[in-house]
Amino acid sequence: MPYVYWCARCGARSPEPHDRRVDAEGERDEHRATEHGGLAPAAGDGVRAVHADGRTGSCSGSLLFFLFLLAAVLANCWGR
């Protein structure tokens, strides 16, 4: 399962998911050192596991909704 780092204080996030949790934790440590003086931000930060399908940034849900909406509009037009 892929992992991403996030920082609630400054909004930083991993540019890409990491395959290993330890890599995301390393990114967290590097971010803390460069942006927050080595300390954990008061607003919080951490490493989260993300769903593997979320890695591609696909928009299949939006596409399915658009196709359903298009079918509904066309069905309404053919009924007249």
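Just so you know, these numbers come straight off a predicted model, no measurement behind them. (Residues numbered from 1 in each chain as written. Predicted model: local features only at pLDDT ≥ 70, side-chain atom pairs only at ≥ 80, totals over all residues. Heavy atoms only, no water.)

Visitor: Explain a nonpolar patch on the surface residue by residue, including any values.
Guide: Taken together, Leu-63, Leu-64, Phe-66, Leu-67, Leu-70, Leu-74 and Trp-78 make up a surface patch of nonpolar side chains, about 760 Å² in accessible area. Within the secondary structure layout, Leu-74 lies in helix 2 (residues 60–78). (Patch = residues over 30% accessible without salt bridge, like charges linked within 9 Å, V, L, I, M, F, W, Y side chains within 5 Å. Areas by Shrake-Rupley, 256 points an atom, 1.4 Å probe, with all protein chains shown as cover. Salt bridge = Lys/Arg side-chain N within 4 Å of Asp/Glu carboxyl O. Helix = DSSP H or I, 4+ residues; strand = E, 2+ residues; numbered from the N terminus.)

Visitor: Explain the side chain of His-18 residue by residue, including any values.
Guide: Inspection of the secondary structure puts His-18 in the loop between strand 1 (3–7) and helix 1 (21–35). At 2.4 Å, the side chain of His-18 forms a polar contact with the side chain of Glu-27. (Polar contact = N/O pair within 3.5 Å; in protein donor to acceptor, adjacent residues only side chain to side chain.)

Visitor: Now, about the confidence of the model for the chain: what can you tell me, with residues and values included?
Guide: Reading predicted coordinates in detail is not appropriate for stretches of low pLDDT. For the chain, the mean per-residue pLDDT works out to 85, and 88% of the residues sit at or above 70. Of all the helices and strands in the chain, helix 2 carries the lowest mean pLDDT, 83, while helix 1 carries the highest, 93. (pLDDT = per-residue confidence, 0-100.)

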